[in-house]
Amino acid sequence: MSATSDVAFNSHPHAWRDYLELTKPRITFFCLLMTLGGAAMAPEKIDTVKMLLTLLGTALSVGSANALNMVWERESDKLMKRTASRPLSSGRMTPMSALIFAIGLGAASVLILGFYVNWTTSLLSLFALLSYVLCYTPLKRITPHALLVGAVPGAIPPLLGWTAITGEITMPGIILFAILLVWQIPHFIAISVNHADDYKKAGIKTWPGERGLRPATIQALVYSLLLIPVSLLLIWTGVASFLYGTIALALGIWMVVLSGRGLHPEIHGGWAKRLFIASLVYLPALTAGIAIDRILIR
């Protein structure tokens, strides 16, 4: 397809929806939520303009990574029911259009975060983008351990919020990073159980698919248990109080209970779907706990 027809192909009245879909808005929203949580934990006063620029830069970076991921996986997306209607896999958009869009978002993110926030935040964001696209994306078809690799860039958003305000990587920021790193394991195991057939068709290696349901469930339970002490470490650093700790403990126990039910799927049918929904509630609720703790206690 020529460059001329490529432009025309993507100039229909609703093309903006396809470009927006490339960024995976729901994933971007959760990343922004955790970025806000990281900023809320910082002891320094939050500068509103800097915070807005941080959120903009983060959104552009996450959107770029997601768009590049769709470019890379456009052929395998055609094989999965839940991704077949995406702009590239459905043929509504050409790879070149998506690639140019994705690179533009990434470049804008680096510049905005670097010049208007700080270069620590900018470089962290760039690392997350590149490691997600160049490491995690190709590894998904090689090993189920790609989940651990992908959890690293996926855990960086709260650290971006922390460094945007403090300008440096310190222990509270690292703990925020660790919370999201650990949270992703039961979250994505639940997804891989719910969409096991789709992932198998696309050739994506998952723990349930490669190891079986029970070992994957045990893995989800172990990481859910680990989530409790890791989240409570913020109290040890002095940036959170008992109020946050109570919320974090309650949410952690909830995740453990739901993960544990997967050990008896014949009794607790549909546990993976409930665990997935709980994991989506966990992040906003934990972020709310951080904000409430800051407002009422500090």
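Along the backbone of the chain there are 15 helices and zero strands. Against the compact-globule benchmark of 19 Å for 298 residues, the chain has a radius of gyration of 20 Å, which places it among compact chains. Along the three orthogonal principal directions, the C-alpha set of the chain runs to about 60 × 55 × 30 Å. Taken across its 298 residues, the chain has 50% of its residues classed as buried. Within the chain, contacts between residues separated by at least 24 positions form 75% of all contacts whose residues are at least 6 apart in sequence. A total accessible area of about 13600 Å² is found for the chain, and carbon and sulfur atoms account for 71% of it.

Time to look at helix 13 (residues 213–237). Its 25 residues place the ends of helix 13 37 Å apart at the C-alpha level, agreeing with the 36 Å of an ideal helix rising 1.5 Å per residue. Within the sequence span of helix 13, burial applies to Ala216, Thr217, Ala220, Leu221, Tyr223, Ser224, Leu227, Ile228, Val230, Ser231 and Leu234. The elements touched by buried residues of helix 13 are helix 3 (25–41), helix 8 (146–154), helix 10 (171–194), helix 12 (207–211), helix 14 (242–260) and helix 15 (271–296). One or two steps after helix 13, the chain reaches Gly238, where phi turns positive at roughly 90°.

Attention now goes to the environment of Ala291. As for its position among the elements, Ala291 is in helix 15. In this structure the C-alpha to C-alpha distance between Ala291 and Leu33, which are 258 residues apart in sequence, comes to 11 Å.

Moving on: the pattern of salt bridges. The final tally for this structure, using the stated rule, is seven salt bridges. Through salt bridges that share partners, Asp18, Glu21 and Arg92 make up one connected network.

Even without being glycine, Lys24 reaches a positive phi, approximately 50°. Turning to its location among the elements, Lys24 is positioned in the loop between helix 2 (15–22) and helix 3.

The first and last C-alpha atoms of helix 3 sit 25 Å apart over 17 residues, in line with the 24 Å expected at 1.5 Å per residue. Within helix 3, the full set of buried residues consists of Thr28, Cys31, Leu33, Met34, Thr35, Gly37, Gly38, Ala39, Ala40 and Met41. In this fold, the buried residues of helix 3 make contact with helix 4 (48–72), helix 9 (157–166), helix 10, helix 13, helix 14 and helix 15.

With that settled, the discussion passes to the packing of aromatic side chains. The tally for this structure, following the rule as stated, stands at four aromatic pairs. Ring geometry for Phe29 versus Phe30: centroids 5.6 Å apart, planes at 70°, classification edge-to-face. Accessibility expressed as a relative area gives 21% for Phe30, which makes it partly exposed. Relative to Trp119, the ring of Phe115 lies with its centre 5.2 Å away and its plane at 75°, an arrangement referred to as edge-to-face. By relative accessible area, which is 42% here, Trp119 ends up partly exposed.

About the thresholds
- Residues numbered from 1 in each chain as written.
- Predicted model: local features only at pLDDT ≥ 70, side-chain atom pairs only at ≥ 80, totals over all residues.
- Heavy atoms only, no water.
- Helix = DSSP H or I, 4+ residues; strand = E, 2+ residues; numbered from the N terminus.
- Rg over C-alpha atoms; globule rule 2.2 N^0.38 Å.
- Buried < 20%, exposed > 50% of the residue type's maximum accessible area, 1.4 Å probe, protein only.
- Contact = heavy atoms within 4.5 Å.
- Areas by Shrake-Rupley, 256 points an atom, 1.4 Å probe, with all protein chains shown as cover.
- Expected span 1.5 Å × (residues − 1).
- Salt bridge = Lys/Arg side-chain N within 4 Å of Asp/Glu carboxyl O.
- Phe/Tyr/Trp six-rings, centres within 6.5 Å; stacked < 30°, edge-to-face > 60°.

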